[in-house]
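Structural overview
Here are the chains, one letter per residue:
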Amino acid sequence: MRFLERERATVAKLLPGLDERLRAVPLMELEGPSSPGIQHFRDSGGPRLLVPESHPGRGATALDALRVQRALGSRTPSLAVATTMHHFSMATLAALSAANGDGLRWIIEDVASFNTLVAFGFAEERPDAGVLSPSMTATEEPDGVRVSGVARARSLARSMDLLMASVMVPRLDGPGEELAVALAPAESEGLSVSGAGADSEQVTLHDVLLPPDLLVRTSAPSGQPDVLTAGFAWFQLLMTGSCLGAASALVEQVLLSNRVPDSERVRLLVEAEGAMSAAEGIARRIDDDGPDESTLAHSLYVRYCVQDVLSRVVPRAVELLGNPNSTASDEVGHLATYAHELDLHPPVRSQMTGPLTAYLVDGPLTIA
């Protein structure tokens, strides 16, 4: 069938064998606590998807990555969501590397060589701070900095090899503090993961000592550095693709059902493909111009538009598939839950009403 053909062909090209391995495992097993999904992702070279070929990685474009995430979401949405965190982290590291010379090249090459999984630690929800605000504090010592704080690594807390988080550090050129990005190995003394379930897991750093080469200064005095704010467009793009993938799995089941009228099948097909085309427009902007503030704003417009599409497509697909007492109904319910997760990932629409209104009248775009 032609539906999802292009997306799965992209996976076959960039991550050979991954789709076949995932397809061979029942969905609920892939979504369970002992899922082989992450290992299959590593074995296929998934962690180096966005690493440039010169480092050496797979050199995927934003458009490639979007299609990969949709394909993964259609096979195992939990893996798609988890790997979105890694890819966003890698895109941010690449932007930091470009802004700071070759200082981070070794980390990017390490990811490519050892299939390292990197998680971004979003700030704990606080009424006075945005999701990209500093989540850690640091004190300087002769052999590095000691970092403390709590962050949410969202779906990769127990699988990550490296945690990336924003932190305030003393300035080198005078009094005051500046924003930096800390990179903490998962096995660091003082780092722990608590909570049960991806949405409740948190990563705690207690006086974790990091050498100087694992701290990247941004020269930003406070708030959100441009490299993180603009790079957040990657997160919107890839999370949109991942959740659209879960919805697409439901649409695919409807399309394969001969008992569903053609008019209903085409209706869902048109809505799903229209949403994907909108997301592809953002991917092309990132590929052509980079993830600047304007691209981030438009990635939010598209992400919220896709949410509205999924709010229509998913319930209708579930209704058309019917038979709530069948074993397959568990899979349908699970896919529907993940498709609706786009409503919950940061920044949620209600929190961005004020910032987007301010941006539309020529103010800066702030991530709530």
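Since we're looking at a predicted model, the values are computed, not measured. (Residues numbered from 1 in each chain as written. Predicted model: local features only at pLDDT ≥ 70, side-chain atom pairs only at ≥ 80, totals over all residues. Heavy atoms only, no water.)

Quick look at the overall build of the protein now. From N to C terminus, the protein includes 12 helices and 9 strands. Since a compact globule built from 368 residues should have a radius of gyration of about 21 Å, the 20 Å found for the protein is in line with a globular shape. Taking the principal axes of its C-alpha atoms as reference, the protein extends roughly 70 × 45 × 40 Å. Sorting the 368 residues of the protein into buried and exposed places 57% on the buried side. Partitioning the intrachain contacts of the protein with sequence separation of at least 6 by distance along the chain shows that 74% fall at a separation of at least 24. Element-wise, carbon and sulfur atoms account for 52% of the exposed surface of the protein, whose accessible area totals about 15,200 Å². (Helix = DSSP H or I, 4+ residues; strand = E, 2+ residues; numbered from the N terminus. Rg over C-alpha atoms; globule rule 2.2 N^0.38 Å. Buried < 20%, exposed > 50% of the residue type's maximum accessible area, 1.4 Å probe, protein only. Contact = heavy atoms within 4.5 Å. Areas by Shrake-Rupley, 256 points an atom, 1.4 Å probe, with all protein chains shown as cover.)

So, on to the nonpolar core. Soluble, globular proteins show a tendency: their nonpolar side chains are buried together. By size, the foremost hydrophobic cluster in this structure holds 121 residues, and its most contacted members are Val167, Leu205 and Trp234. Residue contributions to this core peak at 17 residues, all from helix 8 (residues 226–255). The contacts of Leu205, once residues within four sequence positions are left out, are Met136, Val147, Ser148, Gly149, Leu163, Ala184, Gly190 and Leu191. (Core = buried A, V, L, I, M, F, W, Y, C linked by side-chain atoms within 4.5 Å.)

Moving on, we come to the packing of aromatic side chains. In this structure the tally under the stated criterion is 4 aromatic pairs. Relative to Phe235, the ring of Phe232 has its centre 5.1 Å away and its plane inclined at 5°; by these criteria the two rings are stacked. Here Phe232 and its partner Phe235 are both found in helix 8, 3 residues apart, which amounts to about one turn of the helix. Among the residues examined, Phe235 registers a relative accessible area of 1% and is labelled buried. These aromatic residues form a ring-pair network of at least three members: Phe88, Phe120, Phe232 and Phe235. (Phe/Tyr/Trp six-rings, centres within 6.5 Å; stacked < 30°, edge-to-face > 60°.)

A cluster of acidic side chains, namely Asp287, Asp288, Asp289, Asp292 and Glu293, defines a negative patch on the protein surface. Here the negative patch gets 3 residues from one element, more than from any other, and that element is helix 9 (residues 262–289). Topologically, Asp292 is positioned in the loop between helix 9 and helix 10 (293–321). Given the relative accessible area of 35%, Asp292 is considered partly exposed. (Patch = residues over 30% accessible without salt bridge, like charges linked within 9 Å, V, L, I, M, F, W, Y side chains within 5 Å. Salt bridge = Lys/Arg side-chain N within 4 Å of Asp/Glu carboxyl O. Lys, Arg positive; Asp, Glu negative; His and termini not counted. Charge placed at Lys NZ, Arg CZ, Asp CG, Glu CD.)

So, about the pattern of salt bridges. All chains considered together, the criterion is met by 20 salt bridges. With its nearest N and O atoms 3.2 Å apart, the salt bridge here joins Glu280 to Arg67. You can see Glu280 sitting in helix 9 and its partner Arg67 sitting in helix 5 (residues 62–75), a full 213 residues away along the chain. Judged by its relative accessible area of 11%, Arg67 falls in the buried class. Arg312 is paired through a salt bridge with Glu271; the nearest N and O atoms lie 2.7 Å apart. Residue Arg312 is found in helix 10, and its partner Glu271 is found in helix 9; the two are separated by 41 residues along the sequence. Among the charged side chains, a salt-bridge network with shared partners connects Glu140, Arg171, Asp173, Glu178 and Arg217.

The next subject is the environment of Gly59. With respect to the secondary-structure elements, Gly59 resides in the loop between helix 4 (37–43) and helix 5. Taking the C-alpha atoms as reference points, Gly59 and Val169, 110 residues apart in sequence, are found 33 Å from one another. For Gly59, the contacting residues outside a window of four places in its chain are Arg48, Leu49, Val51, Pro52 and Glu53.

Before going further, it helps to spend a moment on the side chain of Arg70. Here Arg70 shows up in helix 5. Residue classification places Arg70 among the buried positions, given a relative accessible area of 0%. Excluding residues that lie within four positions of it along the chain, Arg70 makes contacts with Phe3, Leu4, Glu7, Gly241, Leu244, Gly245, Ser248, Ala272, Glu273 and Met276.

We now examine the environment of Pro211. Residue placement: Pro211 occurs in the loop between strand 8 (202–210) and strand 9 (215–220). The class for Pro211 is partly exposed, based on a relative accessible area of 33%. Separated by 126 residues in the primary sequence, Pro211 and Thr337 have C-alpha atoms spaced 41 Å apart. Setting aside chain neighbours within four positions, we find Pro211 in contact with Asp143 and Gly144.

Taking 1.5 Å of rise per residue, 14 residues should cover 20 Å, and helix 5 covers 20 Å from first to last C-alpha, within 8% of that figure. Within helix 5, 14 of the 14 residues are buried, which leaves it mostly tucked inside the rest of the structure. (Expected span 1.5 Å × (residues − 1).)

With omega at 0°, the peptide bond leading from His55 into Pro56 counts as cis. Mapped onto the fold, Pro56 is located in the loop between helix 4 and helix 5. Here Pro346 and Pro347 are connected by a cis peptide whose omega angle stands at -10°. Tracing the backbone through its elements, the reader meets Pro347 in the loop between helix 11 (328–339) and helix 12 (349–360). For Asp207, which is not glycine, the phi dihedral falls at a positive 50°. Tracing the sequence through the fold places Asp207 in strand 8. When its relative accessible area of 38% is taken as the criterion, Asp207 is described as partly exposed.

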